[in-house]
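# Structure assessment
Residue strings, one per chain:
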Amino acid sequence: MFKKNPKESVLLIVCIGAFILMSILSPRDFLTATNLQSMAFQIPELGIMALAMMVVILTGGINLSLTYVASLSGITMALVISNLYSSGADPAVSIVLGLVAGLAMVLGCGLLNGFLVAHLHVSPILATLGTMMLFEGIGLNLTEGRAISGFPESFSVIGNGTVAGIPISLIIFIVIAIVAWLVMERSPWGTKLHMLGSNETAVSYSGVNVKKQLMQVYLLSAVFCFLATLVMTARYNSMKVDYGSSYLLQSILAVVLGGASIAGGYGKVFGTVVAVFTLQIVSSGLNIFGLNRFFVDIVMGCLLIAVLALNFVYSKVQDKNMLKKIKANEA
């Protein structure tokens, strides 16, 4: 594993080391069942968001509208569920129709992002920056800045229920991560995805429909956003525009920390998942030590910059080693 996946292996060691360190520094607070379960409930939201960001980054793009795609979908779902349930509709019917409405909204957002990038050739960062503002504005107008609540009790089970002490949301995340691994790393579609990130021009000449592939990428990213907002809405038992807004930076950090190349072409689901666990361990530890939320954001920002710098150095070292091998072979 260390030879094939050096970045992911080192990150796994860091994750285990961070857990051990936090356990030693504050065993009475960090190792409590309450804290560990709280971490387990928080991990799925960021984890699924990170997978939504990862599939786009693998193409060499980025999705800045990520969190507002999720919130707009969640708002749509919340409005349908609460309105139907309050009017006397069957709880199951209310939930199902709400899920359908939320999924339809998120697919529409994904289609718009994909169309701008794939067909109009707008830079991903500019396209998703524009749609981020659009989706945020729509969400604010729909809710007038307030939280939407009033769901059936059964709906909260998705975000707050447990099976043998394990959060249902964590089980959902693990299943989603396995499916993402099969799709992105063990399928012909996933192979095309990595090739697209490495060299889009070469891929287009090889017969791959680049426009279709990019459309599918942004649709898949949107579906991940829907699953994330489903867990989030059920956990909070309400939905608001700014719920999960901090996950934008954190999802990028998790993907890059997990070993993915920000330029595209390389990334492992396992690395992203381990990075999410690492970030949650660090965040929980800093909160236990009494550091305020704003300082935690500073630490996360510094960590992202540090990881980008280290990846740059690592790529330079790899290039030098490759040149040495070429020269040695020529000699």
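Parameters at a glance
Chains are numbered independently. Their residues run from 1 in the order of the written sequence. Selection of residues for local features in this predicted model requires a pLDDT of at least 70, selection of side-chain atom pairs for listing and counting requires 80 or more, and totals for whole chains, interfaces and linings are taken over all residues. For the side-chain quantities, the full set of heavy atoms in the structure was used; hydrogens and water were omitted. Here a strand is any run of E in DSSP of at least two residues, a helix any run of H or I of at least four, and the numbering for each starts at the N terminus. Restricting the calculation to C-alpha atoms gives the radius of gyration, and the globule rule supplies 2.2 Å times the number of residues raised to the power 0.38. Categorising residues by exposure relies on relative accessible area from a 1.4 Å probe, with only protein chains included: less than 20% of the type maximum marks a residue as buried, more than 50% marks it as exposed, and the intermediate range marks it as partly exposed. Accessibility throughout is a Shrake-Rupley quantity obtained with a 1.4 Å probe, and a residue counts as covered only by protein chains that appear here. How far a helix is expected to stretch is found by multiplying one less than its residue total by 1.5 Å. Polar contact criterion, stated in full: a pair of N or O atoms within 3.5 Å, where within protein one must be able to donate a hydrogen and the other to accept it, and residues adjacent in sequence count only if both atoms are side-chain atoms. A contact between two residues is defined here by any heavy atoms of the two lying within 4.5 Å. The salt bridge definition used is simple: a Lys or Arg side-chain nitrogen within 4 Å of an Asp or Glu carboxyl oxygen. Here, nonpolar core means buried Ala, Val, Leu, Ile, Met, Phe, Trp, Tyr and Cys residues that are tied together by side-chain atoms lying within 4.5 Å of each other. A cavity here means a set of points on a 1 Å grid, drawn over the protein atoms and nothing else, where a 1.4 Å probe fits but cannot get out; a pocket is an open set with protein on both sides within 12 Å along at least five of seven lines, and a residue lines either one if it has an atom within 4 Å of a point. Grid points are joined across faces, edges and corners, and a volume is the space filled by probe spheres set on the points. Gly falls in the polar group here, along with every residue not listed as nonpolar (Ala, Val, Leu, Ile, Met, Phe, Trp, Tyr, Cys, Pro) or charged (Asp, Glu, Lys, Arg). Lines fitted to C-alpha atoms define the axes, with helix axes restricted to the stretch in contact, and inter-axis angles between N-to-C directions lie between 0 and 180 degrees. Angular relationships are summarised with four words: roughly parallel below 35 degrees, roughly antiparallel beyond 145, roughly perpendicular across 65 to 115, and oblique for the angles in between. The crossing is said to be left-handed when, going from far helix to near helix, the turn is anticlockwise and less than a right angle, and right-handed when the turn is clockwise.

## Points about the overall build of the protein
Summing up its helical and strand segments, the protein has 14 helices and two strands in all. Taking 331 residues into account, the globule formula puts the C-alpha radius of gyration at 20 Å, and the protein, at 21 Å, falls close to it. Counting only C-alpha atoms, the protein reaches 80 × 55 × 35 Å along its principal axes. For the protein, buried positions account for 47% of its 331 residues. Summing over all exposed atoms, the protein offers an accessible surface of approximately 15,800 Å²; the carbon and sulfur share of this is 68%.

## Focus: helix H11 (residues 210-236)
Since the α-helix turns once every 3.6 residues, residues separated by three or four places project in the same direction. Under the 1.5 Å per step criterion, the end-to-end length of H11 is 39 Å for 27 residues, consistent within 8% with the ideal 39 Å. Sitting at the head of H11, Asn209 places a side-chain oxygen 3.3 Å from the backbone nitrogen of Lys211. Positive backbone phi, approximately 60°, marks Asn237, located one or two places after H11.

## As for the environment of Asn311
Topologically, Asn311 is positioned in helix H14 (residues 293-330). The exposure class assigned to Asn311 is partly exposed, which follows from its relative accessible area of 22%. Each C-alpha atom, one on Asn311 and one on Ala260, is 9.3 Å from the other, the two residues being 51 residues apart in sequence. Each residue touching Asn311, except ones within four places of it in the same chain, is listed here: Lys7, Val256 and Ala260.

## Topic: the pattern of salt bridges
Counted by the stated rule, this structure contains one salt bridge. A salt bridge links Arg235 to Glu45, with the shortest nitrogen-to-oxygen separation between them at 2.4 Å. In this pair, Arg235 is assigned in helix H11 and Glu45 in helix H3 (residues 33-57), connecting sequence segments 190 residues apart. On the basis of relative accessibility, which here comes to 0%, the residue Glu45 falls in the buried class.

## Looking at the nonpolar core
Membership of the largest hydrophobic core comes to 92 residues, with the highest contact counts inside it found for Leu51, Met53, Phe155, Met184 and Val269. Ignoring sequence-local partners within four residues, the contact set of Met53 consists of Ile62, Asn63, Leu66, Leu248, Ser251, Ile252 and Val255.

## Thoughts on the layout of surface pockets
Its volume calculated, the second largest pocket comes out at about 390 Å³. Lining the second largest pocket are 17 residues, with Val10, Leu11, Leu257, Val307 and Leu310 sitting closest to its centre. Among the secondary structure elements, those contributing two or more residues to the lining of the second largest pocket are helix H1 (6-25), helix H12 (247-257), helix H13 (269-288) and H14. Looking at the lining of the second largest pocket, its residues break down into 11 nonpolar, four polar and two charged.

## What about the packing of helix H4 (residues 66-86) against helix H5 (residues 91-119)?
Contact geometry for H4 and H5: axes closest at 8 Å, N-to-C directions at 155°. Regarding the angle of H4 to H5, the classification is roughly antiparallel. Considering how the two elements wind past one another, H4 and H5 form a crossing that is right-handed. Looking at the contact of H4 with H5, its residues break down into 16 nonpolar, six polar and no charged.

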